[in-house]
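# Coordinate analysis (summary)
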Amino acid sequence: MIDARRLRVLREVAEQGTLSAAADALHLTPSAVSQQLAALEREVGQPVIERNGRGVRLTGAAEVLVGHANVVLAQLEAAAADVAAYSEGIVGTVRIAGFATALAEIVAPAAARLRESHPRLRLTITEQEAPGCFTALARGDADLALSMASRLAPPADDFRFTQHPLRADTLDAVLPAGHPLAARERIALADLAPEPFVGPPDGTSCHDVTVNGCAAAGFTPGFEHWSLDFYTTMALVAAGLGVALVPRLAQAAVPPGAVIRPLETPAPARHVFAATRAGAERRPTVAAVLEALRA
């Protein structure tokens with residue numbers, strides 16, 4: 001019989017590429033990881049790793065096991081969820097990790113509703129962008145991750161997770177109040193091509209959404225100023241330092257001197273979703289939070 005805990009260790013080694021990185025992710029020592037893999041090799045009667053420079057490489061047998069591990073671990077999550085469903089009432093803690101505007105505009109209103117509908121359900125909330133929120137989810141340090149479709153997020157067919165679409169968050173143009181384009185009711189994104197841009201730094205999901213949207217309109221935005229905070233971005237625009245694309249979830253407060261104009265169709269959008277470990281969405285606590293987030 002193969003121990004599921006050892007399958008989890010093997011899958012983490014496959015993800016991380018080294019024993020030490022897998023040990024960090026699993027909160028184990030490298031020696032403990034080695035011992036788990038040695039025990040797994042005895043169980044299956046074949047080697048599962050081989051040295052590859054400073055890292056390790058999975059054997060063919062290990063690749064087969066990792067494919068089964070995704071299914072087995074998801075089934076174990078589902079089994080635990082079904083058992084939990086027999087408990088009376090929805091009681092427990094759900095840990096949420098996600099990006100700032102989703103926490104402010106989606107999670108916070110949902111949390112207020114949950115305090116009324118499920119007073120014995122406790123939330124802990126951490127601001128964390130992709131890919132960090134998915135690392136926390138895979139490790140078991142978070143129960144829900146809120147993110148957006150981008151190269152930093154796992155693909156929808158990643159066996160480790162189940163994705164739950166929440167909304168398309170449309171981006172609008174932000175201009176200085178005196179800009180000639182501010183007189184229009186709608187703006188073609190391509191008309192912003194000559195303008196200096198203010199926006200999220202490279203290596204973030206929001207940067208990807210902005211760049212991809214501009215690429216679809218036929219140009220590459222010329223960033224001159226960078227900020228992860230959208231209010232700061234709009235304040236820099238108000239000061240006349242450029243233009244920006246800002247999602248509607250981030251427009252609760254607009255600084256004086258900045259004006260927002262919708263873009264002509266098709267406007268770029270952030271496709272916001274929640275993710276759970278595969279099977280965990282059936283846990284009553286997690287299901288209650290997902291329902292509130294969708295609302």
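Quick notes on the rules
- Residues numbered from 1 in each chain as written.
- Predicted model: local features only at pLDDT ≥ 70, side-chain atom pairs only at ≥ 80, totals over all residues.
- Heavy atoms only, no water.
- Helix = DSSP H or I, 4+ residues; strand = E, 2+ residues; numbered from the N terminus.
- Buried < 20%, exposed > 50% of the residue type's maximum accessible area, 1.4 Å probe, protein only.
- Contact = heavy atoms within 4.5 Å.
- Areas by Shrake-Rupley, 256 points an atom, 1.4 Å probe, with all protein chains shown as cover.
- Lys, Arg positive; Asp, Glu negative; His and termini not counted.
- Charge placed at Lys NZ, Arg CZ, Asp CG, Glu CD.
- Axes fitted to C-alpha atoms, helices over the stretch in contact; angles between N-to-C directions.
- Parallel < 35°, antiparallel > 145°, perpendicular 65-115°, else oblique.
- Left-handed = near helix turned anticlockwise from the far one by under 90°.
- Nonpolar A, V, L, I, M, F, W, Y, C, P; charged D, E, K, R; others polar.
- Phe/Tyr/Trp six-rings, centres within 6.5 Å; stacked < 30°, edge-to-face > 60°.
- Core = buried A, V, L, I, M, F, W, Y, C linked by side-chain atoms within 4.5 Å.
- Arc of directions from axis to C-beta.
- Salt bridge = Lys/Arg side-chain N within 4 Å of Asp/Glu carboxyl O.
- Disulfide = S-S within 2.5 Å.

## Here's the deal with the overall build of the chain
- Along its length, the chain carries nine helices and 11 strands.
- Split into buried and exposed, the 295 residues of the chain put 45% on the buried side.
- Across the chain, contacts joining residues at least 24 apart in sequence account for 74% of those joining residues at least 6 apart.
- Counting every atom, the chain has about 14300 Å² of accessible surface; 52% of that belongs to carbon and sulfur.
- Side-chain charges of the chain comprise 26 positive and 31 negative groups, with the mean position of each set lying 5 Å from the other.

## Considerations on the packing of helix α5 (residues 100-117) against helix α9 (residues 284-294)
- The contact between α5 and α9 brings their axes to 8 Å, and the two run at 120°. As summarised for this structure, α5 and α9 are arranged oblique, according to the angle between their axes. Crossing hand, α5 versus α9: right-handed. Across the interface between the two elements, Ile-106, Val-107, Ala-110, Arg-113 and Leu-114 from α5 touch Ala-288, Val-289, Ala-292 and Leu-293 from α9.
- Here the contact of α5 with α9 is composed, by residue class, of eight nonpolar, no polar and one charged.

## Some thoughts on the packing of aromatic side chains
- On inspection of all chains with the given rule, the structure shows four aromatic pairs.
- Plain terms: the ring middles of Phe-134 and Phe-161 are 5.9 Å apart, the flat faces sit at 55° to each other, and that makes the pair tilted. Residue Phe-134 is located in helix α6 (residues 132-139), and its partner Phe-161 is located in strand β6 (residues 161-176); the two are separated by 27 residues in the primary sequence.
- Centre to centre, the rings of Phe-197 and Phe-223 are 6.0 Å apart; their planes meet at 65°, and the pair counts as edge-to-face.

## Examining unusual backbone geometry
- The omega torsion across Ala-130 and Pro-131 is 5°, close enough to zero to call that bond cis.
- Its location among the elements puts Pro-131 in the loop between β4 (121-127) and α6.
- Here the residue pair Thr-265 and Pro-266 is connected by a cis peptide bond, since its omega of 5° sits within 30 degrees of zero.
- Positionally, Pro-266 belongs in the loop between β10 (258-261) and β11 (269-277).
- For His-27, which is not glycine, the phi torsion reads 60° and is therefore positive.
- If you trace the backbone, His-27 turns up in the loop between α2 (19-26) and α3 (30-44).

## Brief notes about the nonpolar core
- Core analysis: the largest hydrophobic core is formed by 50 residues, its most contacted members being Leu-144, Leu-146, Leu-192, Leu-245 and Leu-293.
- In contact with Leu-192, not counting residues within four places along its chain, are Ala-173, Leu-175, Leu-181, Ile-187, Phe-197, Phe-219, Val-243 and Leu-245.
- In this structure, Val-9, Val-13, Leu-58 and Ala-62 belong to the second largest nonpolar core, which totals 17 residues.

## Comments concerning α2
- Within the span of α2, buried status applies to Leu-19, Ala-22, Ala-23 and Ala-25. Along the axis of α2, the buried residues cluster in a sector spanning 165°; they form a single face.
- Contacts made by the buried residues of α2 are with α1 (4-16), α3, β1 (49-52), β2 (55-58) and α6.
- Looking one or two places after α2, you find His-27, whose phi comes out positive at around 60°.

## Let's talk about the pattern of salt bridges
- Throughout the structure, instances matching the rule amount to 14 salt bridges.
- Across the salt bridge formed by Glu-50 and Arg-57, the nearest N and O atoms sit 3.1 Å from each other.
- In this structure Glu-50 comes out as partly exposed when scored by relative accessible area, which is 37%.
- The class of Arg-57 is partly exposed, set by a relative accessible area of 41%.

## Some details on the state of the cysteines
- Counted under the stated rule, the structure contains zero disulfides.
- Sulfur of Cys-133: no disulfide; nearest cysteine sulfur belongs to Cys-206 and is 12 Å away.

## Observations concerning the side chain of Thr-233
- Counting through the fold element by element, Thr-233 comes out in helix α8 (residues 230-238).
- Residue Thr-233 is classed as buried on the basis of its relative accessible area, which comes to 1%.
- Those residues in contact with Thr-233 that lie beyond four places of it in its chain are Val-198, Ser-227, Ala-244 and Val-246.

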